[in-house]
Amino acid sequence: MDADIYQIYRERREKTPVCWDEQRRLWAVYSYRFCQQVLSHPATLIPPVADGNLGGPALAVKHRLVRISNPPAHDLAREMALRMFRGRRPAHAGPLLSRLLPAPASGGTVEWVSQVGRVLPAMHILAGFGFSDGDIGLILGQLPVILKIMAPVTNAQALEEAFAMVYPIVDRQVATVFPGLTKETQEYAVSNLIGLIIQSHDATKGLLSLALLHLLRREDPGMLASRDMDFFLSYVTEVLRYDSPVHNTRRVLTEDVHIDGATLPAGATVLVVVAAGNRDPTIFERPEEFDRHRPNNLSMLTFGHGTHGCIAGMYCTLLAAETMSYLFHTYRKVEVVESQPAYEPLANVLMVKEMHVRLA
């Protein structure tokens, strides 16, 4: 991602907070107020995701996912996703991290993204629903394929095979943890528990890397062992605002929407640049400064807003904070090997591709 992207966002927010992008053939909004307006407007829908020739449980799950569904299916999908999320039991990150990281006595170097970022969020969700270690291992093994359900389908066979293995396991566990569901609510529950695994992975993987980078660059590592969870929680929250892992999302309009004197017509696609909104000075005082004490940092738009806001947002924040706390309370030395880690070449998210962390 362009290192000067926030300068571009600032210029567009100040000069053209609502504008037509001829090259991409869409509207874009940059101010906090207009981002929030689009995200909460009843005439905005999630853009359709192509099914290709997908079939079986994979197709059924895709059509029930709260994250990419629209009314009327979205209502039941959200209800069951929230029920799944609230029904999980507490799971602590420490015991899971102790299995993913080297023993403190011996130390070592880990590739943080693949060994922690891509594994811990799903592992933590599954542990909270009482999945066995064997089932967790099988699901994690299929996770790289399962994640692709959120994108236009290019390999239906691989998705169908992965879901044929994962769906019965999740179905059995949901029936155990939530007995008495109807056939329809059971199907939505299973689909959206799988969705929670995907959503927690997507939302937390990038945050785990960004939070660690900011801590090591801005704080004295030697002092972090004395910090409490409130410190790490406020720190991660400000990382989410200041250096958002998610930069933009898209919506499609079902009717004309009027914003800042412009008419965005029905059928138009709108690019909602939440990372620009997160640095809007009309909402956040001194937005270009990293300040974990700012009282309204939780108002950031990183996890969206309205009915399609990420229901796992606070969960992901807490998991990242607990992970940071564990690291600095467990190891005497935590350092990133690379002076500048590599990032994924993506326009909509800020995602570290690879980062080695030395622990001692």
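Residues numbered from 1 in each chain as written. Predicted model: local features only at pLDDT ≥ 70, side-chain atom pairs only at ≥ 80, totals over all residues. Heavy atoms only, no water.

A. Representation of the pairing of strand β2 (residues 26-29) in the model. In β2, alternate side chains face the same way, and those of Leu26 and Ala28 on one face and Trp27 and Val29 on the other are all buried. Pairing of strand β1 (residues 18-21) with β2 involves four bridges; the strand directions are antiparallel. Looking at the pairing, Val18 lines up with Val29 of β2. In this antiparallel pair of consecutive strands, β1 and β2, the connection spans four residues, and Arg25 shows a positive phi of 60°. As judged from the three bridges shared by β2 and strand β8 (residues 269-272), these two strands associate in the parallel manner. Each residue of the ladder has a partner; that of Val29, found in β8, is Val272. (Buried < 20%, exposed > 50% of the residue type's maximum accessible area, 1.4 Å probe, protein only. Helix = DSSP H or I, 4+ residues; strand = E, 2+ residues; numbered from the N terminus. Pairing = 2+ DSSP bridges.)

B. Geometry of the nonpolar core. Core analysis: the largest hydrophobic core is formed by 116 residues, its most contacted members being Leu101, Trp112, Ile194 and Leu212. No other element matches the 17 residues that helix α10 (residues 183-218) contributes to this core. Core analysis: the next-biggest nonpolar cluster, separate from the first, contains 11 residues, Tyr6, Cys19, Val273 and Ala275 among them. (Core = buried A, V, L, I, M, F, W, Y, C linked by side-chain atoms within 4.5 Å.)

C. The arrangement of the environment of Arg227 in detail. Looking at the element boundaries, Arg227 is found in the loop between α10 and α11 (229-242). For Arg227 and Ser325, which are 98 residues apart along the polypeptide, the C-alpha to C-alpha distance reads 7.8 Å. Apart from the residues lying within four places of it in its own chain, the contact partners of Arg227 are Glu219, Phe232, Arg292 and His329. (Contact = heavy atoms within 4.5 Å.)

D. Focus on the packing of helix α8 (residues 133-146) against helix α9 (residues 156-177). At a minimum axis separation of 10 Å, α8 and α9 run at an interaxial angle of 145°. Two packed elements cross with a definite hand, and for α8 against α9 that hand is left-handed. Contact with α8, carried on its side by Asp135, Leu138, Ile139, Gln142, Val145 and Ile146, involves Ala158, Leu159, Ala162, Phe163, Met165, Val166, Ile169, Val170 and Arg172 of α9 and no other residues of that element. Among the residues making up the contact of α8 with α9, the classes are represented as 12 nonpolar, one polar and two charged. (Axes fitted to C-alpha atoms, helices over the stretch in contact; angles between N-to-C directions. Left-handed = near helix turned anticlockwise from the far one by under 90°. Nonpolar A, V, L, I, M, F, W, Y, C, P; charged D, E, K, R; others polar.)

E. Region of interest: the side chain of Ser69. For Ser69, the location among the structural elements is in the loop between α3 (56-64) and α4 (73-87). Since its relative accessible area comes to 5%, Ser69 is described here as buried. Within the structure, the side chain of Ser69 is placed 3.0 Å from the backbone oxygen of Leu65, a separation counted as a polar contact. With residues near it in sequence (within four places) discarded, Ser69 still touches Ile46, His63, His74, Ala77 and His308. (Polar contact = N/O pair within 3.5 Å; in protein donor to acceptor, adjacent residues only side chain to side chain.)

F. Layout of the environment of Asn53. Within the secondary structure, Asn53 is located in the loop between β3 (44-45) and α3. Taking the C-alpha atoms as reference points, Asn53 and Ala158, separated by 105 residues in sequence, lie 12 Å from one another. Setting aside residues up to four positions removed in sequence, Asn53 forms contacts with Ala156 and Glu160.

G. Inspection of the packing of aromatic side chains at higher detail. Applying the stated criterion across every chain yields a total of 11 aromatic pairs. Between Tyr6 and Tyr9, the ring centres sit 5.6 Å apart and the planes meet at 85°, which makes this aromatic pair edge-to-face. Taken as a pair, Tyr6 and Tyr9 lie in helix α1 (residues 5-15) at a separation of three residues, close to a single helical turn. We classify Tyr6 as buried; its relative accessible area is 12%. (Phe/Tyr/Trp six-rings, centres within 6.5 Å; stacked < 30°, edge-to-face > 60°.)

H. Molecular detail of the pattern of salt bridges. If you walk through the whole model with that rule in mind, you get 15 salt bridges. The partner of Lys183 in a salt bridge is Glu187, with the nearest N and O atoms 2.6 Å apart. Taken together, the residues Lys183 and Glu187, both in helix α10 and four residues apart, mark about one turn of the helix. Two residues, Arg241 and Glu238, come together in a salt bridge whose shortest N-O distance is 2.8 Å. Linking Arg241 with Glu238, this pair stays in helix α11, spanning three residues, or about one helical turn. Salt bridges here are not isolated pairs; linked through shared partners, they connect Arg10, Arg279 and Glu288. (Salt bridge = Lys/Arg side-chain N within 4 Å of Asp/Glu carboxyl O.)

I. Region of the structure containing the sheet that holds β2. Strands sit in the order β1-β2-β8-β5-β3 across an open sheet of five strands; the sheet is mixed. Every interior strand has two partners, whereas the edge strands, β1 and β3, have only one. As defined by bridge partners, strand β5 (residues 249-253) adjoins β8 across four bridges and the pair is classed as antiparallel. Its bridge partner being in β8, Val252 is matched across the sheet by Thr269.

J. Just the environment of Ala103, in detail. The topology assignment puts Ala103 in the loop between α5 (93-100) and β4 (108-111). Looking at Ala103, the relative accessible area reads 42%, which means it is partly exposed. Considered as a pair, Ala103 and Ala162 are 59 residues apart in the sequence and their alpha carbons are 33 Å apart.

K. Unusual backbone geometry, seen in detail. Going from Pro71 to Pro72, the amide bond is cis rather than trans, its omega being 5°. When you line up the elements, Pro72 lands in the loop between α3 and α4. Within the chain, Asp260 stands out as a residue other than glycine whose phi angle is a positive 55°. Structurally, the position occupied by Asp260 is in the loop between β6 (257-259) and β7 (262-264).

This is a description of form; function is not addressed.
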